[in-house]
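As a plain string of letters, each chain reads:
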Amino acid sequence: MQFHIVALEGCAWACWAIRLHLDLQLMTPSPAPGASGAALKGPANWWRRWWRRLPPSRQDRFATLGPLLAVLLFLSAIVVAITYLRYEELEREREAVTRDVEYAQQRLRLRLLERQEQLMRLARELSNREIEAEEFEFQAESLISQFPEVQAISWVDARRTVVVSYASPSAPLSMVRVPQTTIGAGETDGSFDLARDLRQPIYSRPLGDDPRQASLMLQVPLSEQGRFAGTVMGEYSIDGLLRFGIPPEVMARYAVALMDDRGRVLAGQLQDHDPVLRLLPWSQQALEHEVPVSPVGNGLILKAQGYRTSQDIVGSGFFWVIGALSALTVWMLLGTWRHTRRRVQAQQALVAETNFRRAMENSMLTGMRALDLQGRITYVNPAFCSMTGWTESELVGRTAPFPYWPEEDHDLLAARLDDELHGRSTPGGFEVRVQRRDGSIFDARMYVSPLIDPHGVQTGWMTSMTDITEPKRIREELSASYERFTTVLESLDSAVSVAPLGSDEVLFANKMYRLWFGTRGQGHRRLVDLAGNQPSPSPDDGDAVDSFAGMPTDTLTDAGSENAEVFVEELDRWLEVRTRYLTWVDGRLAQMVIASDITPRRNAEEQAARQAERAQTASRLITMGEMASSVAHELNQPLTAISNYCNGMISRLEEQRISQDELLNALDKTARQAQRAGQIIQRIRAFVKRSEPNPTLSDVAQMVSNAIELADIELRRQQVRLTPYVAARLPRLMVDPILIEQVLINLLKNAGEAIAQAGRPPGERLVELRVAPRRQDDQEVVGFEVRDTGNGVPAEMIERIYEAFYSTKSEGMGIGLKLCRSIVESHHGRMHVENLYNGEDVVGCCFSFWIPVASRLQMSESSVQPPVDTERAR
């Protein structure tokens, strides 16, 4: 009933919308001649009076969209009402189905509990031995005859053997139990075992392969003196439970079925849904509800579906009628819309164009001002008003002097206005000062152009004004910054120049450059050539401005500066030249050169190198002087042998007691002794000879052998045994071999002196020299270690061991270790000293240094200068 009322109201609303639409379309814009205003008075024509007061654009919009909106609202209301009423109806039906199914389940549950109680009473009598087999069979027959859903009742002992059984004549053969037969475990679906374990009645799941002949089994346990004695097994027909356990009124209203937990229908019948009816808007799926049957559990489910008694043809008919009327109304409105659309589109385009132009004017940051031919302001935009602080109404119609003119600039601005009105303004504009309403002044640039109307006639002048206060301030700051930067560059004592690559043009040159090389670019090119080769463009390049145009230059400009020290003959100066690539302000690739005068520094370095060379030579002479007695003793042996050989040969020749072979043998031994003495003198002469440092690829084993040959003379005098360990296949080093030999000899001599000073017994006078490759700080190096068995270096002196003129020996000069460290570091190596410990006792000292395999000395034109500062000596 509620649905029908809503449908009728919807039809009334649709008819009203159509009538309103026709009235609006037929309404005339003004009353007919001779009609009085009283004809439009009265409550029935209030909306007509309101309509006449609307603008034409709103009348067209309302005439088109008003009825359409009403129809859409009506359709929405109908759909919502139908949906809501249908939802309420479905909820009521669903509640009824749920209530009836729950009622049917309760009835079925009570029937099952009654049968369970009867079987439990029968089980108690058996447990108490109150009845025998014949009485049990009689009572079972009585129960089956009274309650048709019970098909069979059996007495089963604890060993699953059937004692007594009675089955209904209509029971299937699977329920007929022969006495003294055993029931398999699969036949009870585990319910027998559960009843034995739990000692309470247990229902099985629906049994049977055919769903339509499925049965339900109830196991009631028997106990005899506390022991399990078997069960009373009742078997139900599920179809009988449905027919005799469900109330008839429920069966009449619903399609009722009993199903198992797998969804199979065991008894009863459910409705089949027609897929065609589902497509109809008023069709609904049948209402259904299902609950598990207690006390069986989830293995048996009761399900009911409600029958549809009608297809609700009346409701669906109203639905289609309302839909057809709404579609007709929409079609009529669309027909009217087709006639008025062009006018609405034209109005919208005009409004959009007007809004666009207005928005463009309002969003401009440039002030616009229009003057007529007499100099009167006819238009200003919002930006102009924002700049000056005056409103449009205060400016339009004003003549000179304008309120935004500063008082002190009236004459100048009046002359500018006269030039503007007579067309004498410059195309590039002119700068003026403008006064805001609050009295503040800002700088502006004005551009003037003629104002032409659509007929091509000039009606005035259009002026645009831009605030240039901030750009002018930035330009002044940039100019001041440029002046400061130029002043700094001009005051530098280094020559700075910038020139394009491959060109003699100088883009920038400071005062020092102009003083040294003049204003031409040959000096820049000369410094670049001396420092190294620069990139040169292809001769076929046709770009006359930038020969490198189009080439990728990011790598050049991102690279760091390059340094070189060159000698300029025309200046007679040493210059340190630093070059860097950069992109000039016009986009060209350029090269900046900074040349600093380093002549004093070069002179000091050369003098220091010469002093270091003399110090090294003096050190070698001192070393040989300290080893003079040992060298003399070493030379005395071959010389004594030569003298003895000569005297012996003379005496034997005088006595004519020597054969030719003996004479040749004696002369050969004399020659070998002379050769030995000559080798010693040659090695000493090569060691102490003053020469320029000469780094070459040197054999490490040969350097070590030469050093051992000289140092071993002093070590033998001091009764010290030298044990060298030199690795095989050592890489060659780029070093000065004489300097490295000097370091090794100094360290070996110091080791022998330390052992002699410690007074070690002969068995402990040992010096080890180890030479082997290793990896140090991620580079391949060759390490040298000299280990002695002396007293080591005191802990308080180990930090000063490399200081100049500091020595632990009373007769030492304190320059040996300083020179050794200087030589090692000049070869890009490092030197280290540490004491050797046995527990807490010092048992010796180890001096070590390493030279990198890939090291190459950075040489000047004359010498290698080892560092002379921060060095320490022993």
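Thresholds, definitions, all that
Residues numbered from 1 in each chain as written. Predicted model: local features only at pLDDT ≥ 70, side-chain atom pairs only at ≥ 80, totals over all residues. Heavy atoms only, no water. Disulfide = S-S within 2.5 Å. Buried < 20%, exposed > 50% of the residue type's maximum accessible area, 1.4 Å probe, protein only. Helix = DSSP H or I, 4+ residues; strand = E, 2+ residues; numbered from the N terminus. Arc of directions from axis to C-beta. Contact = heavy atoms within 4.5 Å. Axes fitted to C-alpha atoms, helices over the stretch in contact; angles between N-to-C directions. Parallel < 35°, antiparallel > 145°, perpendicular 65-115°, else oblique. Left-handed = near helix turned anticlockwise from the far one by under 90°. Nonpolar A, V, L, I, M, F, W, Y, C, P; charged D, E, K, R; others polar. Core = buried A, V, L, I, M, F, W, Y, C linked by side-chain atoms within 4.5 Å.

Caption draft 1: Highlighting the state of the cysteines. Considering all chains together, one arrives at zero disulfides under this definition. Cys845 forms no disulfide, and the closest cysteine sulfur to it belongs to Cys846, at a distance of 7.0 Å. Relative accessible area serves as the criterion here: at 2%, Cys845 is assigned to the buried category.

Caption draft 2: Examining helix α14 (residues 522-531) more closely. Of all the residues in α14, the buried ones are Gly523, His524, Leu527 and Val528. Burial along α14 is one-sided: seen end-on, the buried residues are contained in an arc of 135 degrees. The inward-facing, buried residues of α14 abut β15 (494-500), α13 (511-517), β17 (562-568), β18 (573-583) and β19 (589-597). The first or second residue beyond α14 is Gly532, which carries a positive phi of 155 degrees.

Caption draft 3: Local environment of the side chain of His524. Following the sequence through the fold, His524 ends up in helix α14. Sequence-distant contacts of His524, defined by excluding residues within four places in its chain, comprise Ser497, Val498, Ala499, Tyr513, Gln591 and Val593.

Caption draft 4: Region of interest: the packing of helix α19 (residues 700-717) against helix α20 (residues 737-758). In the contact formed by α19 and α20, the axes pass within 9 Å of each other and the chain directions differ by 30 degrees. When the axes of α19 and α20 are compared, the pair comes out roughly parallel. Here α19 and α20 pass one another in a crossing that is right-handed. For the pair α19 and α20, the contacting residues are Met703, Val704, Asn706, Ala707, Leu710, Ala711, Glu714 and Leu715 in the first and Pro737, Ile740, Glu741, Leu744, Ile745, Leu748, Lys749 and Gly752 in the second. For the contact of α19 with α20, the class distribution of residues is 11 nonpolar, two polar and three charged.

Caption draft 5: Looking closely at the nonpolar core. In this structure, Phe136, Ile153, Val232, Tyr236, Leu258 and Leu302 are the most contacted members of the largest nonpolar core, which totals 47 residues. Here this core takes 11 residues from helix α3 (residues 56-127), the largest share from any one element. Other than its neighbours up to four places away in sequence, Val232 contacts Leu119, Ala123, Leu126, Phe136, Ile153, Ser154, Leu218, Gln219, Val220 and Leu222. Counting residues in each nonpolar core, the second largest holds 41 residues, with Val704, Leu744, Ile745 and Leu817 among its members.

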